[in-house]
Amino acid sequence: MTVKIIVHAEYNRKDNRIENPAYGFLEGNVYPLLNVGFGGLMIGGYEGKLMPGMGCTVKGLGLDENNLVDVHIDCTVARRLDNEIGIGFVELDSRSYEVLETLIMRRGKFKKK
């Protein structure tokens, strides 16, 4: 017998997230981003070994899985449910912030630096 426990928690997210197609490079693979925000990402299709509390680094972000912009974002895994992981950013540099802003605002192009 399976028992499903549902806990309701008040909404406490301080950064808005937007659910648009985007991609991220993590642990040597490109994954679809289920949602993107300035506080973190939800990654789909993940089959790796990361679990809540573990650290990781996002090394690329983009609107197209074949055209990612190099970033270096240290993160901590906040949650995992099957093949989806939610990661929170430890710190964002200005370049990473700009790339995230582009994804969220859907400007469609990245400024060259």
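Residues numbered from 1 in each chain as written. Predicted model: local features only at pLDDT ≥ 70, side-chain atom pairs only at ≥ 80, totals over all residues. Heavy atoms only, no water.

Observations concerning the overall build of the protein
Check the secondary structure of the protein and you find one helix and seven strands. Taken from N to C terminus, the helices and strands of the protein fall in the order β-β-β-β-β-β-β-α. When burial is assessed residue by residue, the protein has 34% of its 113 residues classed as buried. At a minimum sequence separation of 6, the contacts of the protein that also span at least 24 residues come to 48%. As presented, the protein carries roughly 7,600 Å² of accessible surface, and 50% of it is formed by carbon and sulfur atoms. (Helix = DSSP H or I, 4+ residues; strand = E, 2+ residues; numbered from the N terminus. Buried < 20%, exposed > 50% of the residue type's maximum accessible area, 1.4 Å probe, protein only. Contact = heavy atoms within 4.5 Å. Areas by Shrake-Rupley, 256 points an atom, 1.4 Å probe, with all protein chains shown as cover.)

Points about the nonpolar core
Within the largest apolar cluster, 24 residues are counted, with the highest numbers of intra-cluster contacts made by Leu26, Val36, Leu41, Ile43, Val58, Leu61 and Ile87. Contributions of two or more residues to this core are made by strand S2 (22–26), strand S3 (29–37), strand S4 (40–43), strand S5 (55–64), strand S6 (67–81), strand S7 (84–89) and helix H1 (94–105). Leaving out residues up to four positions away in the same chain, Leu26 has contacts with Tyr31, Ile43, Tyr46, Leu50, Cys56, Thr57, Val58 and Ile85. (Core = buried A, V, L, I, M, F, W, Y, C linked by side-chain atoms within 4.5 Å.)

Some words on the packing of aromatic side chains
If you walk through the whole model with that rule in mind, you get two aromatic pairs. Ring geometry for Phe38 against Tyr97: centres 4.6 Å apart, planes inclined by 15°, an arrangement best described as stacked. Here Phe38 is found in the loop between S3 and S4, whereas its partner Tyr97 is found in helix H1, with 59 residues between them in sequence. (Phe/Tyr/Trp six-rings, centres within 6.5 Å; stacked < 30°, edge-to-face > 60°.)

A look at unusual backbone geometry
We note that Glu27 has phi near 55°; this positive angle belongs to a residue other than glycine. Inspection of the secondary structure puts Glu27 in the loop between S2 and S3. A positive phi angle is found at Asp82, which is not glycine, with a value near 55°. Locating Asp82 in the fold gives a position in the loop between S6 and S7. Take Asp82: its relative accessible area is 65%, and that puts it in the exposed class.

Some points on the state of the cysteines
Taken as a whole, this structure holds zero disulfides when the rule is applied. Not part of a disulfide, Cys75 finds its nearest cysteine sulfur in Cys56, a span of 4.8 Å. A residue is classified by how much of its surface remains accessible, and Cys75, at 3% relative accessible area, is buried. (Disulfide = S-S within 2.5 Å.)

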